[in-house]
Amino acid sequence: MKTQSFVRISYFLVLVSSFYDLCHTPTQPYLSVSSASTYTHTMESTQNQDHTAVSYQNVVVMRHADRLDNFDPCWASTAARPWDPPLLEAGRLRAFQTGRSLGHSLGYPIHRVFVSPFLRCVQTASEVVSALSTVDAAEVKVSVEYGLCEMMNKVAFRNDVAPKDGNWGFNITQLEAMFPTGTMSSNAERVDKELPQWEESFEETRDRYERIFKELADKYPAENLLFVTHGEGIKVAVSSFRKDAKVYKVGYCGYVQLGRPILKKDQSFITGEFDVLTDSDQTGVSYNITKPSHQ
């Protein structure tokens, strides 16, 4: 028992040292790491450890572009699906331009895109993926993810436009057909198999977003991800990983970048905590930093 305890302590010290060296490497952006969130190594692999590869995982969380019903209040009164507005043409253009900007400015490729099933998000993601393909030849795979959907309550669905029978009528095959040929992921399994329950609370929505961000990132730790979701999701992406931040504005196609270090040994990963890498007002998201109260 003493030998095993000593080995575990020694491994922990090596891990902390590796994180410290990583976070203070001049060629990488600074990322403070509070703890390793996953311990997947067996004792045998720990005892025979020779080296650990270190990398970063980057996640971009983006709001959809300009939705039609916010500019045409009468649209919902005649729409077949008033709860699921499309984008304005100006919104499509904004999404495409944002995608091109991401391709030029991020400094890393996007490997996978996960998108809410609502039409405004799918149209936004389609334009972003098309734009990324004009900048970076890297292959991008897209998946529709129910856990990234809008808040399922009357705050998000104004004027009582939610379907009376509870059938939201998402045709996933039709939604997938909106993306460029060859970009849909053929083997990705959704984390959430169905939509959240109607009338979920703010607290349940926040918990859902934080959970889905982490679970999708943990599912693909060696890849950089883009989540296309809704305004509340952007707020959660900031406040969950920067506890002293309070978001007060999220513009159309506003986004934040998250990053965390990854340690790899054989086929196992140890992940650090995400940090928010985007400053307020830098990419269409504005937030305040709360100051701790003095005792």
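Residues numbered from 1 in each chain as written. Predicted model: local features only at pLDDT ≥ 70, side-chain atom pairs only at ≥ 80, totals over all residues. Heavy atoms only, no water.

The name given to the chain in an unreviewed UniProt entry is Phosphoglycerate mutase family protein, with Arachis hypogaea as the source organism.

Observations concerning the packing of aromatic side chains
Rules: Here is the rule: rings of Phe, Tyr and Trp (six-membered ring for Trp) pair when centre to centre is within 6.5 Å. Planes less than 30 degrees apart are stacked, more than 60 are edge-to-face, and the remainder are tilted. Under the DSSP-based scheme used, a helix requires at least four consecutive residues in state H or I and a strand at least two consecutive residues in state E, with every element numbered from the N terminus. Note on exposure labels: buried denotes an accessible area under 20% of the residue type's maximum, exposed denotes more than 50%, and partly exposed covers the range between, all computed with a 1.4 Å probe on protein chains only. Comment: the charge-over-ring label is applied if NZ (Lys) or CZ (Arg) is within 6 Å of the ring centre and within 35 degrees of the ring normal.
Taken as a whole, this structure holds 13 aromatic pairs when the rule is applied. Aromatic side chains Phe114 and Tyr220 sit 5.7 Å apart centroid to centroid with 40° between the ring planes, which places their arrangement in the tilted category. Of this pair, Phe114 sits in strand β2 (residues 112–115) while Tyr220 is found in the loop between α7 (202–219) and β4 (225–229), placing the two residues 106 residues apart along the sequence. On the numbers, 6.1 Å between centres and 20° between planes, the contact of Tyr209 with Phe213 is stacked. Taken as a pair, Tyr209 and Phe213 lie in helix α7 at a separation of four residues, close to a single helical turn. Here Tyr209 matches Phe213 in class, with each residue buried. Cluster of aromatic residues (ring-pair linked, three or more members): Trp83, Phe118, Phe157, Trp168, Phe170 and Trp198. Lying over the aromatic face of Tyr146, Arg190 brings its terminal NZ or CZ to 4.9 Å of the ring centre. Of note, Arg208 hangs over the ring of Tyr209, and the distance from its end group to the ring centre comes to 4.8 Å.

Side note on empty space enclosed by the protein
Any space left empty among the atoms is revealed by the rolling of a water-sized probe across them. Applicable threshold: Within this scheme a cavity is a closed region of a 1 Å grid, computed over the protein atoms alone, that accommodates a 1.4 Å probe without allowing it to escape, whereas a pocket is open but has protein on both sides within 12 Å along at least five of seven lines; lining residues each have an atom within 4 Å of a point. Grid points are joined across faces, edges and corners, and a volume is the space filled by probe spheres set on the points. Basically, the charged four are Asp, Glu, Lys and Arg, the nonpolar ten are Ala, Val, Leu, Ile, Met, Phe, Trp, Tyr, Cys and Pro, and anything else, Gly included, counts as polar.
One pass over the structure, following the stated rule, counts three cavities of 30 Å³ or more. Considered as a void within the structure, the second largest cavity measures approximately 40 Å³ in volume. In terms of lining, the second largest cavity is formed by Phe114, Ser143, Val144, Glu145, Ala188, Glu189, Arg190, Val191, Leu216 and Lys219. Within the residue set of the lining of the second largest cavity, elements represented by two or more residues are β3 (141–144) and α7. Residue classes in the lining of the second largest cavity are distributed as five nonpolar, one polar and four charged.

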